[in-house]
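Spelled out, the chains give:
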Amino acid sequence: MNPKTQHEIWQGKAGRIEVSIDRPDHDPKGLAVIAHPHPLFGGTKDNKVVQTLARAYLQLGYICVRFNFRGVGESDGVHDHGNAETQDMVDVVLRAHQELPAELQAEPIALAGFSFGTHVCSHAAPVLAQAGLKLGKMTLVGTAASRFKVANVPEDTLVIHGEQDDTVPLQSVLDWARPQGLPVLVIPGGEHFFHGRLPQLKQLVVRYYPS
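Residues numbered from 1 in each chain as written. Predicted model: local features only at pLDDT ≥ 70, side-chain atom pairs only at ≥ 80, totals over all residues. Heavy atoms only, no water.

### Details of the layout of surface pockets
If you add up the space inside the largest pocket, you get close to 220 Å³. Taken together, 14 residues line the largest pocket, and the ones lying closest to its centre are His 38, Phe 41, Ser 115, Thr 167 and His 192. Tallied by class, the residues present in the lining of the largest pocket amount to six nonpolar, seven polar and one charged. (1 Å grid on protein atoms, 1.4 Å probe; cavity = no way out; pocket = protein on both sides within 12 Å on 5 of 7 lines; lining within 4 Å. Points joined across faces, edges and corners; volume = space filled by probe spheres on them. Nonpolar A, V, L, I, M, F, W, Y, C, P; charged D, E, K, R; others polar.)

See below:
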């Protein structure tokens, strides 16, 4: 994402997990971990929407961790339709949290995901909470509600969707959100990959999190 990005290999349940880490220039305020879109359709940690989310959190002062799910890039293992990928995300968050400076370990962790990554985030969050980690606001972009059984999420979750998303129809996201009383922020004219709307997407995330 930038020349200062650190690239590392961590260990997960399936073996190696390829990780990229970006750190703010000033003292960090917390940790953000971002999950990428569907591995079988070209999704990686370097996806444009994932990088846009990382830039937003970086601007807010978070240490940003992106990672490749199993079977993607240098990550070991094979695709498991979101089941084992949830374990990948849990492993990455636990490792990233462990490596935080002591004064940041009590701060809420921000989870974010795009498309398939929203499904993984929704299922990883309760596992992480059970493990004793304090979670902050979650950001879900292009929530894959028509393709996966996305779990219910906290009421302060930021859900952003494109009006003209033809990969995940907006109606399916509204149907998922309605029983939860969960607001959905709709970008008029936006499609699944937010072509031409990435700066707007970034600013929406930045605005949602108090500085």
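Following the structure, the description resumes.
### A look at the pattern of salt bridges
Where charged atoms of side chains with opposite charge meet at close range, the side chains can pair. Tallying each qualifying case throughout the model produces nine salt bridges. With its nearest N and O atoms 2.7 Å apart, the salt bridge here joins Arg 70 to Asp 88. On the criterion of sequence distance, the pair formed by Arg 70 in the loop between strand S4 (62-67) and helix H2 (83-98) and Asp 88 in helix H2 is long-range, its members being 18 residues apart. As far as the burial class goes, Arg 70 and Asp 88 line up, both buried. Through salt bridges with shared partners, a single network forms among Asp 22, Lys 45, Asp 46 and Arg 66. (Salt bridge = Lys/Arg side-chain N within 4 Å of Asp/Glu carboxyl O. Helix = DSSP H or I, 4+ residues; strand = E, 2+ residues; numbered from the N terminus. Buried < 20%, exposed > 50% of the residue type's maximum accessible area, 1.4 Å probe, protein only.)

### Overview of helix H4 (residues 170-177)
Think of an α-helix as 3.6 residues a turn; residues three or four steps apart then line up on the same face. Residues of H4 that are buried: Leu 170, Ser 172, Val 173, Trp 176 and Ala 177. The arc enclosing the buried residues of H4, seen along the axis, measures out at 160°, which places them on a common side. As for H4, its buried residues are in contact with strand S6 (135-141), strand S7 (158-162) and strand S8 (185-187). (Arc of directions from axis to C-beta. Contact = heavy atoms within 4.5 Å.)

### Considering the nonpolar core
Counting residues in hydrophobic clusters, the biggest one holds 40 residues, and the most contacted among them are Val 33, Met 89, Leu 111 and Trp 176. Among the secondary structure elements, those contributing two or more residues to this core are strand S2 (15-22), strand S3 (30-35), S4, H2, strand S5 (109-114), helix H3 (116-130), S6 and H4. It is H3 that provides the largest number of residues to this core, a total of six residues. Excluding residues within four positions of it along the chain, Leu 111 makes contact with Val 33, Tyr 57, Met 89, Val 93, Cys 121, Ala 125, Leu 128, Leu 135, Lys 137, Met 138 and Thr 139. In terms of nonpolar packing, the next biggest core, distinct from the first, is built from 26 residues, Val 49, Phe 114, Leu 158 and Tyr 209 among them. (Core = buried A, V, L, I, M, F, W, Y, C linked by side-chain atoms within 4.5 Å.)

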